[in-house]
Structure formats: C-alpha cells, structure tokens
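An overview of the molecular structure
If you want the building blocks of each chain, they are given just below.
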Protein chains: 2
Amino acid sequence: MKKIGIIDIGSNSIRLMLIEVSGNYFRIIDEVKETVRLGMGMTEDNRLNPVRIERAIETLSYFKSLCEGLGECELFPVATEAVRRASNQAEFLKLVESKLQIKIKVLSGVEEAYYDYFGVINSMDYSNVLIIDIGGSSTELIWVEGKTVKEAVSLPFGAITITDQYGIREKMNSTIEKELNTYLLSQFGRISWLGGATNLPLIGVGGTIRNIARISRKNTNYPIDRSHNYIMDSADVLNLYDYIKFNNSEQRKKIKGLSKDRSDMFLGAFSVVSALIEFCSSPQLIVSGSGIREGLLHEILHGDKVINDVLEFSINNIIETLSIDKQHAHHVWKLAESLYTQLQPIHKMNGNSYKILKTASLLHDCGKAINFYSYHKHSFYMMASLPINGLTHKELIMAAYTMILSVKENFVLDKSPYVKLLTKEDKLIVQRLGTILRLAESLDKKRNGNVTDVVCELRSDNLFLRLLSEGTTESERKTVEDRGSNFYKLFGKTLELE
Amino acid sequence: MKKIGIIDIGSNSIRLMLIEVSGNYFRIIDEVKETVRLGMGMTEDNRLNPVRIERAIETLSYFKSLCEGLGECELFPVATEAVRRASNQAEFLKLVESKLQIKIKVLSGVEEAYYDYFGVINSMDYSNVLIIDIGGSSTELIWVEGKTVKEAVSLPFGAITITDQYGIREKMNSTIEKELNTYLLSQFGRISWLGGATNLPLIGVGGTIRNIARISRKNTNYPIDRSHNYIMDSADVLNLYDYIKFNNSEQRKKIKGLSKDRSDMFLGAFSVVSALIEFCSSPQLIVSGSGIREGLLHEILHGDKVINDVLEFSINNIIETLSIDKQHAHHVWKLAESLYTQLQPIHKMNGNSYKILKTASLLHDCGKAINFYSYHKHSFYMMASLPINGLTHKELIMAAYTMILSVKENFVLDKSPYVKLLTKEDKLIVQRLGTILRLAESLDKKRNGNVTDVVCELRSDNLFLRLLSEGTTESERKTVEDRGSNFYKLFGKTLELE
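Counting from 1, residues in each chain are numbered in the order their sequence is written. Chain labels run from A onward and ligand labels from 1 onward, assigned in the order the entries are written. pLDDT decides what is reported in this predicted model: residues at 70 or higher carry local features, side-chain atom pairs at 80 or more are listed and counted, and totals for whole chains, interfaces and linings draw on all residues regardless. Water and hydrogen atoms were dropped before computing side-chain values, which therefore reflect all heavy atoms in the structure.

So, the interface of chain B and chain A
Residues count as neighbours in contact if any of their non-hydrogen atoms are within 4.5 Å of one another. Counting residues at the interface gives 39 residues for chain B and 39 residues for chain A. Considering only the surface of chain B that becomes buried against chain A, Ile370(B), Phe372(B) and Tyr381(B) emerge as the three largest contributors, covering 16% of it. Here, a salt bridge means any Lys or Arg side-chain nitrogen found within 4 Å of an Asp or Glu carboxyl oxygen. For Asp225(A), the salt bridge goes to Lys377(B), with nearest N and O atoms at 2.1 Å. N or O atoms closer than or at 3.5 Å make up a polar contact, with two conditions inside protein: a donor-capable atom paired with an acceptor-capable one, and, for residues adjacent in sequence, both atoms drawn from side chains. Taken together, the links from chain B to chain A amount to 16 residue pairs in polar contact (both at pLDDT 80 or more). Helix and strand labels come from DSSP, where a helix needs a run of H or I of at least four residues and a strand needs a run of E of at least two; each type is numbered from the N terminus. Contributions of two or more residues to the side of chain B that touches chain A are made by strand S3 (25-34), helix H1 (50-69), helix H17 (375-385) and helix H20 (474-483) of chain B. Joining two parts hides part of their accessible area as seen by a 1.4 Å probe, and the buried area is that hidden amount summed over both.

Next up, the structure:
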C-alpha cells in the first residue's frame, strides 16, 4: 500500500507522521517527534544556530531512513517560522538538499495558517469558528466562516519567543504578567479584522492546547481519554490560567496532565490563549488534534476540496481500514434511517440523534474484528476509541450505547463508566435509538440486503411494518418478532408485521 | 472470501456457526442458537416428537437461509444423540433432505466424542487430560494421552434425560440426590478404562460447564470476562454443587451467572460433573469454549492433523484477519527471541515467559488497527480480548503487560485492573520481558528488517550489543540508546552498543 511521510519542521520540534494511503482513505502508522528547538539561540541577524542545524540534519536523516524503511514512501517536508525568518534560510535548505536529497518547502505564514485550517475543517464539524495555532515562534489565527477562510494571519511570536523575551521559563510575577498581557492585547489590536471574529468558538491546535485540555480532564475526572474535540468553557480556561500563572517551575511540574517537556514554556503559550479569549470574548475553547500535518495530508488526498460530511468520511475511513462487512453495515444504516424517518412522528428526536444512529448503525459490529464472542463489548470499546470525527464526545458515547443496547436490550446503562455524561433524556434517546437499530439489524439478519426497505404504518396503538423484498422474508420476520419485544415499552406502540 | 456454516443438531438446541475461511485461517462471523429440544417428548419406542420435528425443520430452513445470505457458503450439518437413537431417524433425515435439500450426517457416539476432542486439542495446550461433554441426552468422555485419543465413550444420558428421569427440574432432595449419584457412579464404574483416567485435569465442554465457570467468576469477582481455559479447583466446584444442589428453581434463578434457559436442567447436568470429579479424583475442572463445532471446523481446515503449537496458530490466525504489519511483527519476535535466549544467563526465566514474550512480540502493535493514538492501550484491550489460545489467563494478561511496558516503560502496573492475578515475581518478569521487547522493537524501528540480528556479549557489568545489518544502523542505535535506559535497573547490566 502507498505510504506517505509528512515532516513538519517547527521552531520547537521536528515531527514525522507516517501514513498508509489507499484511495481517499488513510491510516496513521507511526509518528515521531524530536525536540530539536531549531528556533532557539538564533543570532541578532536571525541566523539559525549551527548546533541546532546539526541536530536538525541528524533528525531529518533519521526520519528519512524511517520513511525509506517502509519501501515506497513519498516525503512531504515543510518548514515554518524558524526557517521562514532565518537569514541563512537558503544556506540551510541547500545543506539539507545536498546532504539528504530532501527538498524542504518553506511555508509562508498564510500557508501555515491555511494548512491549520484545512486540518481542522476536515476533521471537525464546525462552520464558523476562530482557530489558533501556537507554535514555538509563531502563532496563527484563522477566522473561518461557512467552512471557508475569511481572514488569516501569522504572528511572529510563539511559546519559545515569548518565554525567552519575558524570561518566564522559571516563573512569572504579576508585573511581568500585566506587561505580557498588554503586549498581546496590543498585538491582537493591530489585526484589523480580529474585532469581527468575536463570540466565536475558539479552536486550538497544538501541544499547548492539548495540554490545557489534559489538565482540565484530570481536574474533572473526565471519563474519556480523548482530546480531539474536547470542549472547555472559556471561564474554566481563564480560571485555570489564573490558578497556575504564578506557579514556579517546581509547582508546575506537579500539575496533573502537564507534560514535563512543555512545562518550561507553558506560561508563555498559555498567556496567548488567555489573552485571545479575553480579546475575542470567545465562549469556548475546543481542542483540535488535527493541524498542519493533517491539513497537508488532506490536500494530498483530495486537493483543496473540503470534506462536507466529516462524520461519514471518518466512518468510511474506519470501515475501509478494518475488516468490517461494508455492505451489511451500509444496508443496516439504510434500514435504520428509513425507520428513524418514518417514526419521526412518534419519537420526535432531533438531528443529533440522527448522527448518533448513523454512527451506531455503520459501526454496530466492528467489534467482531477483535473477537466474535462478546463482540458488543469490543464494539463498545472500539467506538469509544476509533478516530471518529464530527461528533461531540457525548454523542460518540451515545452512539456506543445505542449500539450496545441494540445487541443487549437489557444492558444496564447506569453501571457503565461514561453514563455520567448522559442526562435522563439522553438515556431515553439511546434506548429508543437502540431499539430502532435492533430492528434494522434484524431486518438484515441474512446480511444480504434481502429486505430492501420497510414501510411503517401507524394505526392507533399499533405500528404495522411491511417488509419489502424480492425473496421470502420468514427469517427476517422471525427475528423481528423475537426482537420487537421492548418496542412497546419505548414507543408506546405494539409492533405488528404485515 | 469462502464461508462455511456448521450446524449442530443436538437434543436440547440446534446451533449454527458461520465462519469466514481463508487458507488455514478462519474468523467466526455469526452464531445462532435455537432451543428446539428435539430430544424432548420422545415416545417409548424412541420416535421423535412430531411437534419437535416441525420446529427442527423451521430452524434448519432458517439457518439455511442465513447461510445462503452470505453467498458462497457450504453447509456442514451434523446430528447427535436424539437423532442418533431415534427409531424414526431415516424418516426424519429424508424429510429434511426432501424439504430443504440438506443432508444431515448423524454422528455415532464415538465420532461425537472425537470431534469434542479435536475441538479441544486444537485450541488448548494440554497433552494428558480427560474431556467431558454434557449434552442434552448424551455425555461424552474422552481420555487424551499425548494429545491423542486413548479411549472414548458416549453415554446415553445427559442434562435433559437425567432431569426428566429424576424429576428434578424444580428441585432435588437428599434422597433423590443420593440415588442419582449412585446411578452415575455405577455408570462410570461400567467403563472399563475410566479407572485409568484418574488424577487428570478434567476439561469440560458445553453450556453447563461454561455456566459453572460463570458462577465461579461472579463469586470471586474474577477480573477477566473469558471462559475458554478458565481453571477451577475441583474442591471449589464440589463446594458450589453442595451449596446449590438443594435450591429450588426460584432460588436458582437468583444465582449470579446462571443463565435462565439453563437453570431448569442445571442440577441434572451439574450432578454428572460432580460425580465424575469424585469418581476420577480430578484435581481441576478446566473450561473449553471449543467442542464439536470447532472440531468439525478444524477437520475442514486441516484434516485430522493436530495443531502442535496452538498458541502460534491462534496468533497467526489473528494476524491474518487483522490489519497487522505481519513482517514487522515476526521480525520483532525474531529479535526478541534472540535477546531472550542470549540473556538467559542473566534473567534465568522459564518456558512460560518465553510464550508470554512471543505473544507480546507478535501482537505488540495490534492496537494500531483501532487508533494510532494511545495504541498501546488499544493493544492492551485487544490482547485481553482476542481469541488467543494456549496461554492461561494469567499468562495472557502478563503478555499484555509485557507489551504495554515495552511501549510505556513507566506504566504503573499496580493501578491496573488485572494486577491482582500477578505475584511480585510475575511483576518482575513482565518488567524484564517488557524491556527485552522494547529493545527488540527499537531494533526494527524502520520496520524493514534492516537489523537482521543482534549479538549480546557480557563483560563484567556491561552488556555489549552488536547489531548485524547489511545497511547502516544509526537510526536503530539512536533508538536503542534512547530506550535502553531502564535496562540497568532491571538486569543490573549497563547497555553498550558496539
């Protein structure tokens, strides 16, 4: 299978992402990060430090060998701020090319911002947001409207530069904090359009944001170990900042969730987030696990075309890369969708429940890839762990519950670890969706699409089902009869087969 | 892919197992059970009850349609005791063939016993055991020596017949219990060879045994939800029997782990197990999840040849059916094995640790099939859930710990749910195996077998590693240096690269 290696040469770290590609779909097979800090110790006249260049060359040579190890593997190396502003950039690029035959593409600030946007927009289901990516020595802001870039800017400061300029590697006092905050607000003030991007959800890309999220998850004993699409109220983010901003490095090391190799530049980076939330009165901070590298990957896969249904794309991506019975999965969803739509007058559920049912239907027996026995448990684990995009964590968990209730109608929600994320109403929703999926699944019991569709007719307290099929349908009718039992309990209608 | 449908027509239930086959390997994709109770209500002159025959035909027709739904799918239908002894057997077979074009093979008692044996021996790593399969109206005993059948017998009583004969569907009193026990012991006494099969582990096939095991697991809060190869001390089994034998059906319904549709015939079946343990002074009762159906499957796959390494077979089966980098997996195991063998003088570990390391090596990154991020957690979940044979549950968990420690050397064992199964020594073993696997994995960091082997040389307190390769090995050396850190802590030797 075709392999791709994306190399991201930042000011703080150099990263390699190795991906297996088939058609439009992909699977990440490896990721390596080296903290080279190419942006550190640059001279007055912006020359890259020779020692750092040396480390960079070693790292790139290592990454190249990893890529070559995979056989046919195409490299896509890009560089950002440190190389971008280096006065000896040309020299550096020539050195790399002559020594390693690697042609690095230096991204302009706007290109960098674009790839951030493209990574986010193809892995999250948001239309109007402000995106921030805090790098080592640059910070990108992208204003997204209707899933397209309205404005974008790359600011020449980041975690490293701020930390060094304000000497806050060890700790920060209130004077410095005020200075820094004033500086940042003034920087934001200079961006003509930023005043328009207020009250929008703020989507954060990069390690600092993931770290803030990890701290928040640890604080709240959040049951799900997943940072992509984790949502924080801005108030909580600002409280966290106030709570730790005067900690010294020792105290910071004790903060649960803060990774050691980030703690020294954490204040510098966090100050930017906090100032931006203040400036734009952003209501929420949402983590994106996808950024530049994923943006590049998506461009390689499907050009500049934005995926309009990220949920469906990510699910198809999973179905392609796991041994899931594709035809059965899609047919069960077709039947579930038909039931869901026709039953709308009874269940009156909203669009989110539709997405939840779709996810549960398409992945309902993915667990069989692990073990047929207790496959519902494996499907549950997988649905909580697979790279599914376009659902909130809660919706994801609701999809997993829908699936498990479709297999085990008496599954006891309240004994499960994630249930604290669900309200009483949510529980009813998954019970009902589970029943619909259970029906749909039994209608394709033969896994061959024999029942092409189902027609529902409501007559007083009865729901009559008519199964459309070219062939005989005894087996499906039989399974429906066996399984339809708790339909009445949840929908108040008696299920009848015509 | 080729599909196979195995139908098992028993006295109590008729079961269908659908399997996807590629070469020697297989994946179970569906299983259906219908409680037809064909052996119930037979006349004095052993005629099958017409009502039961009707139900059987319906069920077989349903199963046939399920199989046909998969497209190219070959049926293998077999019948046991009820049909075997039916005076109207020929009539029944003709009826099924004319109505459904299904040719049922009626297994003799000895054939039935053979398939039990063949299912067990190809999925468990035991050489000398006694196997029992308690069916609805027959019970098979197989004496296995050196992985081959020494003696086998099929007894004409089972869960249903005993329950009915002694009228203990509701409850049993001490008089009946004594009678029944005397009867069973006399039956066993008539088996000339059974006196020789004493003090052997007793392997139990069938729902009754799985049920006894589930009750035991619930009682002891056993952390692993897996019945295949679950081991119980006979004393505990007999205690359990004494504890519940005088319960009435209501009380039995309250027993945690006892499935409702078995509780009515549970005493009848359990009495057989208890009597046999007494008669043969079997030290342990071990559950087998594989029986007749798996025996048939293995015959279809590889004739009458016994798999001599069930562990390797089951792991390869998994690698074939999951998207795992086969070449990398096997090469990491090759390197790990080489290190393990050469380091024997230092670690002095035994054969079990070899099997554990092998399992961990071959499956170390299976979790990437779910999600690259946190793949070690997914690998851990999968290793505890995959159909891996030939390891005890404890060894299986140790393999999972070995794997996770090879990825996260600071993983805290004591916070994990399964750790209660491990002794202090076990913990040291997995720490060491984890370090060996970590080294091996880093030696194939490029995933291309660049480092073909490694030569270890002990000089006083240092262990010198020489990497054999056709090409350059900087990257591997680099990774080893990064990772070798805790080697000293665990082996008391400083790691040096030559």
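Brief notes about unusual backbone geometry
In this structure, Ser460(A) is a non-glycine residue whose phi angle is positive, near 45°. Counting through the fold element by element, Ser460(A) comes out in the loop between strand S12 (451-459) and strand S13 (462-469). On the basis of relative accessibility, which here comes to 61%, the residue Ser460(A) falls in the exposed class. Phi at Asn229(B) is positive, roughly 70°, even though this residue is not glycine. Within the secondary structure layout, Asn229(B) lies in the loop between helix H7 (207-219) and strand S10 (231-233). The rule is simple: take the accessible area with a 1.4 Å probe, protein chains only, and divide by the maximum for that residue type; under 20% is buried, over 50% is exposed, in between is partly exposed.

Comments concerning the pattern of salt bridges
In the structure shown here, the tally under the stated rule is 74 salt bridges over all chains. Notably, a salt bridge pairs Glu97(A) with Lys103(A), separated by 3.3 Å at the nearest N-O pair. Here Lys103(A) falls in the exposed class, since its relative accessible area comes to 62%. For Asp365(B), the salt bridge goes to Arg447(B), with nearest N and O atoms at 3.2 Å. Here Asp365(B) is found in the loop between helix H16 (351-362) and H17, whereas its partner Arg447(B) is found in the loop between helix H19 (424-443) and strand S12 (451-459), with 82 residues between them in sequence. Judged by its relative accessible area of 5%, Asp365(B) falls in the buried class. For Arg447(B), a relative accessible area of 10% gives the class buried.

Structural notes on the environment of Ser192(B)
Residues and elements named next belong to chain B. Looking at the secondary structure, you find Ser192 in the loop between helix H6 (174-189) and strand S9 (202-205). We classify Ser192 as exposed; its relative accessible area is 71%. Sequence-wise, Ser192 and Leu497 are 305 residues apart; in three dimensions their C-alpha atoms are separated by 65 Å.

Remarks on the relation of the copies chain B and chain A
Alignment of copies: least-squares fit on C-alpha atoms of residues with pLDDT of at least 70 in both copies. With an RMSD of 0.0 Å, the operation that places chain B on chain A is a rotation of 180° combined with a shift of 0.0 Å along the axis. Given the turn and translation reported, the copies of this chain are related as if by a two-fold rotation axis. Comparing contact sets, 100% of the residues at the interface of chain B also lie at the interface in chain A, consistent with an isologous, same-surface contact.

Notes on the UniProt feature "domain: Ppx/GppA phosphatase C-terminal" (unreviewed entry) in chain A
The UniProt record annotates "domain: Ppx/GppA phosphatase C-terminal" (unreviewed entry) at residues 313-467 of chain A. Regarding residues 313-467 of chain A, the helix share stands at 57% and the strand share at 10%, and the terminal C-alpha atoms are separated by 30 Å. UniProt positions are given in the numbering used here, feature names are shortened, and annotations may be inferred rather than shown by experiment.

Some points on the side chain of Thr163(A)
Residue and element names in this part refer to chain A. Note that Thr163 resides in helix H5 (residues 159-165). Residue Thr163 is classed as buried on the basis of its relative accessible area of 1%. Once residues within four sequence positions are removed from consideration, Thr163 is found in contact with Ile168, Arg169, Asp264, Met265 and Gly268.

Quick look at the sheet that holds strand S6 (residues 129-134) of chain A
Residues and elements named next belong to chain A. Note on pairing: two strands pair once DSSP finds at least 2 bridges between them. In space, the 6 strands of this open sheet follow the order S8-S7-S6-S9-S11-S10, with mixed pairing throughout. Of all strands in the sheet, those bounded by a partner on one side alone are strand S8 (148-155) and strand S10 (231-233). In this sheet, neighbouring strand axes are inclined to one another by 20° on average, regardless of whether the strands run parallel or antiparallel. Two elements, S6 and strand S9 (residues 202-205), share 4 bridges in a ladder whose sense is parallel. For Asp133, the partnering residue across the bridge sits in S9 and is Val205. Axes here refer to lines fitted to C-alpha atoms; in helices the fit is confined to the stretch in contact. Angles between the N-to-C directions go from 0 to 180 degrees.

Considering the state of the cysteines
In this description, a disulfide is simply a cysteine sulfur pair whose atoms lie within 2.5 Å. Considering all chains together, one arrives at 2 disulfides over all chains under this definition. Cys67(A) shares a disulfide with Cys73(A); S-S distance 2.2 Å. Disulfide Cys67(A)-Cys73(A): the torsion about the S-S bond is -70°, which places it as left-handed. In this structure Cys366(A) is not part of a disulfide, and its nearest cysteine sulfur, from Cys366(B), lies 15 Å away.

Description of the pairing of strand S1 (residues 2-9) of chain A
Residues and elements named next belong to chain A. Judged by how many residues are buried, S1 sits mostly within the fold: 7 of 8 residues are covered. Taken together, the 8 bridges between S1 and strand S2 (residues 14-22) define a ladder with antiparallel strand orientation. Looking at S2, one finds that Gly5 is bridged to Leu18. Linking two consecutive strands that pair antiparallel, namely S1 and S2, is a turn of 4 residues. In terms of strand pairing, S1 meets strand S4 (residues 73-79) through 7 bridges, oriented parallel. Opposite Ile6, over in S4, you have Phe76 as the bridge partner.

A few points about the environment of Thr494(A)
Along the polypeptide, Thr494(A) turns up in strand S14 (residues 494-497). When the C-alpha atoms of Thr494(A) and Thr220(A) are compared, they prove to be 43 Å apart, with 274 residues separating the residues in sequence.

Section: the domain arrangement of chain A
Residues and elements named next belong to chain A. The source of the domain bounds is an automatic or database domain assignment. Here the domain parsing of chain A yields domain 1 (2-106), domain 2 (110-294) and domain 3 (310-497). With 17 residues of domain 1 at the interface, the matching set in domain 2 holds 20 residues. Across the domain 1 to domain 2 interface the summed buried area is about 1,500 Å²; carbon plus sulfur atoms make up 44%. Connecting domain 1 to domain 2 are 4 salt bridges. Between Arg37 and Asp264 there is a salt bridge; the shortest N-O distance is 3.5 Å. Secondary-structure elements contributing two or more residues to the side of domain 1 that touches domain 2 are S1, S2, helix H2 (81-85) and strand S5 (105-106).

Focus: the sheet that holds S13(A)
Two orientations exist for strands paired in a sheet by backbone hydrogen bonds: parallel and antiparallel. Residues and elements named next belong to chain A. With respect to topology, 3 strands assemble into an open sheet ordered S12-S13-S14, the strand pairing being mixed. Each edge of the open sheet is held by one strand with a lone partner, namely S12 and S14. The mean angle between the axes of side-by-side strands here comes to 25°, regardless of whether they run parallel or antiparallel. As paired elements, S12 and S13 share 8 bridges and run antiparallel to each other. Residue Val451 lies in a different strand from S13, and its bridge partner there is Ser469. Lying on the sheet, helix H20 (residues 474-483) is in contact with S12, S13 and S14; it crosses S14 at an angle near 165°.

Describing the packing of aromatic side chains
Each aromatic pair joins two rings of Phe, Tyr and Trp (for Trp, the six-membered one) with centres within 6.5 Å, and gets the label stacked for planes under 30 degrees apart, edge-to-face for over 60, and tilted for any other angle. Counted according to the given criterion, the structure contains 43 aromatic pairs over all chains. Chaining the aromatic ring pairs together yields one cluster made of Tyr114(A), Tyr115(A), Tyr117(A) and Phe118(A). By the criterion adopted, a ring carries a charge over it if an Arg CZ or a Lys NZ lies within 6 Å of its centre and within 35 degrees of its normal. The aromatic ring of Tyr230(A) is capped on one face by Arg217(A), whose charged end is 5.8 Å from the ring centroid. The ring of Tyr62(A) has Lys478(B) lying over it, and the distance from NZ or CZ to the ring centre is 5.2 Å.

Details of the nonpolar core
Counting residues in each nonpolar core, the largest one holds 129 residues, and the members touching the most others are Leu363(A), Leu386(A), Tyr401(A), Leu363(B), Leu386(B) and Tyr401(B). Setting aside anything within four residues of it in sequence, one finds Leu363(B) in contact with Ile315(B), Ile318(B), Ile319(B), Ile324(B), Met383(B), Leu386(B) and Ile388(B). Nonpolar core, defined: a set of buried Ala, Val, Leu, Ile, Met, Phe, Trp, Tyr and Cys residues in which side-chain atoms within 4.5 Å join the residues together. Ranked by size, the runner-up nonpolar core spans 49 residues in total, among them Ile134(B), Trp193(B), Phe270(B) and Leu285(B).

Observations regarding the UniProt feature "domain: Ppx/GppA phosphatase N-terminal" (unreviewed entry) in chain A
Here the UniProt feature "domain: Ppx/GppA phosphatase N-terminal" (unreviewed entry) sits at residues 23-302 of chain A. Across residues 23-302 of chain A, helical content stands at 47% and strand content at 19%; the span's end C-alpha atoms are separated by 9 Å.

Comments concerning the side chain of Glu476(A)
Residue and element names in this part refer to chain A. In this structure, Glu476 sits in helix H20. A relative accessible area of 0% places Glu476 in the buried class. Setting aside its immediate chain neighbours within four residues, Glu476 contacts Ser442, Leu443, Lys446, Asn450, Val451 and Leu467.

Re the pairing of S9(B)
Residues and elements named next belong to chain B. Residues Leu202 and Gly204 line one face of S9 and the alternating positions Ile203 and Val205 line the opposite face, and both faces are buried. Across 4 bridges, the pairing between S9 and strand S11 (residues 284-288) is parallel. Bridging across to S11, Ile203 finds its partner in Ile286.

A few points about H6(B)
All names here are of chain B. The length a helix should cover is 1.5 Å for every residue beyond the first. Between the first and last C-alpha of H6 there are 22 Å, a value that for 16 residues agrees with the 22 Å anticipated at 1.5 Å per step. Where H6 is buried, its residues meet strand S7 (139-145), strand S8 (148-155), helix H5 (159-165), helix H8 (234-244) and helix H11 (266-280). The N-cap of H6, judged by a side-chain oxygen 3.0 Å from the amide nitrogen of Thr175 a few residues on, is Asn173.

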